[in-house]
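# Examining the three-dimensional arrangement
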Amino acid sequence: MKRLIFILLIAFSMNLNAQTNLYTAVDFTATDCNGNTINLFEILDRGQYVLIDFFYYNCGPCQKACPKLVEAYEALGCNEHDVFFMEISYTDSDAKCQEWDEMFGVKYPTIGVDGGGLEIADAYGIYTFPTVILISPRKSILIQDFPYFETGQDVVDKLTSSYIIEEYPCPEEPEEPENPDDGTIGYEELAEGSFRLYPNPASSYVRIVSDINNEAEVKILDISGRCVKNVVIENLNDVTINIDDLDKGIYFMMINNKIEKLIIE
């Protein structure tokens, strides 16, 4: 009898941990399973809510919940609008998280044990899974554990009816250029005097592909229109420009009065 009572007490205490007991978010910087750095407060500071699904790979209820959360993610704009989705595993490696993402079609960040998932789960006091929480841009935890949901639309309805969150379509993914690094990209598709930039977004360098075979002045302008880089190139047919010296942000490249947007990240 004493053993039975002890087991029941353990089960009861585990149920108490099915949510975070925090009311204010704890900041963290982690690396998702694809190598991207995620900082919680940075996302909140830009005005987005953050929904976090705490899970692990072999958790049956987690497997049932994930497709519904993916459905809600897509209905709410794929992390580009009011709410930012992420998931955190306290036991699974990056490789296991990648397998999970592929299995359920997860496109939002997944943080595993390799990227700091265990430490984050501990910081939030979460030991029963799945636990889904919602954090406001003001860093308060609005939902300590999401109420049971049958469908992704249930999640959407709860968020849009209770908070300043609206439904949005996911942004269309840009078409990838064919063979972007084979040295022959898109010449036949370029209008006379025009050019293209690869990669874009770029980081340390950007490649200009054009039909301009003569000397030309290349200007890079910041978002205010100020020229931040100016180089003269003898032959712009296919050239690479170093942009290591420029800060991250949105720029415009101008060649012979033609302009292309350039994103540096």
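Below, the structure is looked at part by part.

Calculation notes
- Residues numbered from 1 in each chain as written.
- Predicted model: local features only at pLDDT ≥ 70, side-chain atom pairs only at ≥ 80, totals over all residues.
- Heavy atoms only, no water.
- Helix = DSSP H or I, 4+ residues; strand = E, 2+ residues; numbered from the N terminus.
- Buried < 20%, exposed > 50% of the residue type's maximum accessible area, 1.4 Å probe, protein only.
- Areas by Shrake-Rupley, 256 points an atom, 1.4 Å probe, with all protein chains shown as cover.
- Disulfide = S-S within 2.5 Å.
- Patch = residues over 30% accessible without salt bridge, like charges linked within 9 Å, V, L, I, M, F, W, Y side chains within 5 Å.
- Salt bridge = Lys/Arg side-chain N within 4 Å of Asp/Glu carboxyl O.
- Pairing = 2+ DSSP bridges.
- Axes fitted to C-alpha atoms, helices over the stretch in contact; angles between N-to-C directions.
- Contact = heavy atoms within 4.5 Å.
- Phe/Tyr/Trp six-rings, centres within 6.5 Å; stacked < 30°, edge-to-face > 60°.
- Lys NZ or Arg CZ within 6 Å of the ring centre and 35° of its normal.
- Core = buried A, V, L, I, M, F, W, Y, C linked by side-chain atoms within 4.5 Å.

### Observations concerning the overall build of the protein
The helix and strand tally for the protein stands at six helices and 14 strands. Across the 265 residues in the protein, those meeting the buried criterion constitute 42%. Total accessible area on the protein is roughly 14,700 Å²; 50% of this is exposed by carbon and sulfur atoms.

### With respect to the state of the cysteines
Under the defined criterion, the tally for this structure stands at two disulfides. Cys 59 shares a disulfide with Cys 62; S-S distance 2.3 Å. Here the S-S torsion is close to 80°, and the disulfide linking Cys 59 with Cys 62 is therefore right-handed. A relative accessible area of 0% places Cys 62 in the buried class. Note that Cys 78 is cross-linked by a disulfide to Cys 170, the S-S spacing being 1.7 Å. Its S-S torsion of approximately 65° makes the covalent link between Cys 78 and Cys 170 right-handed. Linking Cys 78 in the loop between helix H3 (60-75) and strand E4 (83-89) with Cys 170 in the loop between helix H6 (152-162) and strand E8 (195-198), this pair joins segments that are 92 residues apart in sequence. The exposure class of Cys 78 is buried, given its relative accessible area of 15%. Sequence-ordered numbering of the bonded cysteines in the protein yields a pairing of 1-2, 3-4. Looking at the unpaired Cys 33, the closest cysteine sulfur is the one in Cys 97, lying at 5.3 Å. For the unlinked cysteine Cys 66, the closest cysteine sulfur is that of Cys 62, found at 8.9 Å.

### Notes on a nonpolar patch on the surface
Residues Ile 223, Ile 250 and Ile 263 make up a contiguous nonpolar surface patch of about 260 Å² in total accessible area. Following the sequence through the fold, Ile 263 ends up in strand E14 (residues 258-264).

### Structural notes on the sheet that holds strand E13 (residues 249-255)
Strand order in the open sheet formed by four strands is E11-E10-E13-E14, and the pairing between neighbours is antiparallel. Strands with a single pairing partner mark the edges of an open sheet, and in this sheet they are strand E11 (227-233) and E14. Between one strand axis and the next, the sheet turns through 20° on average, direction left out of account. Bridging between strand E10 (residues 216-222) and E13 involves five bridges; their strand directions are antiparallel. Bridge pairing links Asp 222 to Tyr 251 in E13.

### Details of the environment of Ile 223
One can find Ile 223 in the loop between E10 and E11. Separated by 27 residues in sequence, Ile 223 and Ile 250 place their C-alpha atoms 6.1 Å apart. Here Ile 223 is in contact with Ile 250 and Phe 252, once residues within four sequence places are set aside.

### Description of the packing of aromatic side chains
Scanning the model with the defined rule gives 12 aromatic pairs in all. A ring pair is formed by Phe 54 and Tyr 124, whose centres lie 6.2 Å apart and whose planes are at 45°; its orientation type is tilted. Residue Phe 54 is found in strand E3 (residues 49-55), and its partner Tyr 124 is found in the loop between helix H5 (117-123) and strand E6 (131-135); the two are separated by 70 residues along the sequence. Comparing Phe 54 with Tyr 124, the two get one shared label, buried. Aromatic ring contacts, followed pair by pair, group Phe 55, Tyr 57, Trp 100 and Phe 104 into a single cluster. The residue whose ring lies beneath Lys 96 is Tyr 57, and the NZ or CZ to ring-centre distance is 4.3 Å. The positively charged end of Lys 139 is found above the aromatic ring belonging to Phe 41, 4.9 Å away from the centroid.

### Side note on the nonpolar core
Core analysis: the biggest nonpolar cluster contains 53 residues, and Phe 28, Phe 54, Met 86 and Tyr 124 have the highest contact counts within it. Looking at which element gives the most residues to this core, the answer is H3, with eight residues. Apart from the residues within four sequence positions on either side, Tyr 124 is in contact with Thr 20, Asn 21, Leu 22, Ala 25, Val 26, Phe 28, Leu 40, Phe 54, Ile 133, Ile 135 and Ile 141. In this structure, Phe 195, Ile 212, Ala 216 and Met 253 belong to the second largest nonpolar core, which totals 19 residues.

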